[in-house]
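Here's the letter readout for the chains.
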Amino acid sequence: GQSLEQPSEVTAVEGAIVQINCTYQTSGFYGLSWYQQHDGGAPTFLSYNALDGLEETGRFSSFLSRSDSYGYLLLQELQMKDSASYFCAVIKAAGNKLTFGGGTRVLVKP
Amino acid sequence: NAGVTQTPKFQVLKTGQSMTLQCAQDMNHEYMSWYRQDPGMGLRLIHYSVGAGITDQGEVPNGYNVSRSTTEDFPLRLLSAAPSQTSVYFCASRFSRGREETQYFGPGTRLLVL
């Protein structure tokens, strides 16, 4: 089987930094993706890590450690519009399907 | 480019009725998937396709059929609707090559089965 674990909810204030962890247990591993979803909307792609290390895209960064079966999404300089759910998703093999975690709800307060 | 389009946006069905959810993409992506999302939950994979003529089951395939006759279209059929199928359905189209991986979601279809 396989499982992905992420915290269910995180609360932070505007301007703060939030780290959302994702640990996975899969029979194979190819890469880890992150998606953002606002209430009532569709998920949107944020980042993808196939290799160990940090990928930076503006205020958001994503990290992967294959040896630790662990990754995280870092949200910097939090803004109110960052209030959303964030999902990690694992790809087990090239071209294979994505399996999503249960999501982390981020609430940004003024 | 329209990206990924889904129709209808909303649908109400009676138990036992059948229907087809339409999905189309104009990005020439090989990979397409159908997910369902229940309130406050994550995305669960129903069926996916790695190319025209090739489909496979996901985590929750029972009660659903798919076909992929063209690269662009990937319809999802509900054979005999049940209240447990009340959910939001997302179609997704995916680019996957080497270290590049991006999945685009359609706007979703909100389905209520009475």
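Refer to the structure presented above.
Given the structure is predicted, the values throughout are model-derived calculations rather than measurements.

**Student:** Looking at this structure, how should I read the sheet that holds strand 1 (residues 3–5) of chain A?
**Tutor:** Either a parallel or an antiparallel arrangement is found when strands of a sheet pair, and the pairing is made through backbone hydrogen bonds. Residue and element names in this part refer to chain A. One open sheet holds the five strands; their spatial order is 1-3-8-7-6, and the pairing between them is antiparallel. In this open sheet, the two strands that pair with only one neighbour each are strand 1 and strand 6 (53–57). On average, each strand axis in the sheet is inclined to that of its neighbour by 15 degrees, with strand direction left out of account. In terms of strand pairing, strand 6 meets strand 7 (residues 60–65) through five bridges, oriented antiparallel. When the sheet's bridge partners are listed, Thr57 is paired in strand 7 with Phe60.

**Student:** Even after reading the chapter, I still don't get the interface of chain B and chain A, so can you show me in this structure?
**Tutor:** When the parts come together, some accessible area is lost, and that loss is often what is quoted as the size of the interface. Facing the 23 residues of chain B at the interface are 20 residues of chain A. The contact between chain B and chain A buries some 1700 Å² in all, and 57% of this surface belongs to carbon and sulfur atoms. At the boundary of chain B with chain A, the tally comes to zero salt bridges. In this assembly, chain B and chain A are joined by two residue pairs in polar contact (both at pLDDT 80 or more). Elements with a contribution of two residues or more to the side of chain B that touches chain A: strand 4 (31–37), strand 5 (43–51), strand 9 (87–97) and strand 10 (100–105) of chain B. Among the elements that line the side of chain B that touches chain A, the one with the most residues is strand 10 of chain B, at five residues. Residues of the side of chain B that touches chain A, tallied by class, amount to 10 nonpolar, eight polar and five charged.

**Student:** Explain the sheet that holds strand 7 (residues 64–66) of chain B here, please?
**Tutor:** All names here are of chain B. If you trace the four strands from one edge of the open sheet to the other, you get 1-3-8-7, paired in antiparallel fashion. Of all the strands in the sheet, just strand 1 (4–7) and strand 7 have a single pairing partner and so form its edges. Each neighbouring strand pair of the sheet contributes to a mean axis angle of 20 degrees, computed without reference to strand direction. Here strand 1 runs beside strand 3 (residues 19–25); their pairing, made up of four bridges, is antiparallel. Bridged to Thr7 within strand 3 is Gln22.

**Student:** Can you walk me through the state of the cysteines in this structure?
**Tutor:** In protein chemistry, a disulfide is the covalent bond that joins the sulfur atoms of two cysteines. Under the defined criterion, the tally for this structure stands at two disulfides over all chains. Here Cys22 of chain A pairs with Cys88 of chain A through a disulfide, and the sulfurs are 2.2 Å apart. Its S-S torsion of about 70 degrees marks the bond between Cys22 of chain A and Cys88 of chain A as right-handed, since a negative value means left-handed. With a gap of 66 residues between them, Cys22 of chain A in strand 3 (residues 18–25) and Cys88 of chain A in strand 9 (residues 84–91) connect regions that are remote in the sequence. Cys88 of chain A shares its class with Cys22 of chain A; the two are buried. Here Cys23 of chain B connects covalently by a disulfide to Cys91 of chain B, the sulfurs 1.8 Å from one another. Between Cys23 of chain B and Cys91 of chain B, the S-S dihedral sits near -70 degrees, and the bridge is therefore left-handed. Residue Cys23 of chain B is located in strand 3, and its partner Cys91 of chain B is located in strand 9; the two are separated by 68 residues in the primary sequence.

What counts and how
- Residues numbered from 1 in each chain as written.
- Chains lettered and ligands numbered in written order.
- Predicted model: local features only at pLDDT ≥ 70, side-chain atom pairs only at ≥ 80, totals over all residues.
- Heavy atoms only, no water.
- Pairing = 2+ DSSP bridges.
- Helix = DSSP H or I, 4+ residues; strand = E, 2+ residues; numbered from the N terminus.
- Axes fitted to C-alpha atoms, helices over the stretch in contact; angles between N-to-C directions.
- Contact = heavy atoms within 4.5 Å.
- Buried area = accessible area lost by both parts, 1.4 Å probe.
- Salt bridge = Lys/Arg side-chain N within 4 Å of Asp/Glu carboxyl O.
- Polar contact = N/O pair within 3.5 Å; in protein donor to acceptor, adjacent residues only side chain to side chain.
- Nonpolar A, V, L, I, M, F, W, Y, C, P; charged D, E, K, R; others polar.
- Disulfide = S-S within 2.5 Å.
- Buried < 20%, exposed > 50% of the residue type's maximum accessible area, 1.4 Å probe, protein only.

Purely geometric stuff here, so don't read any function into it on its own.
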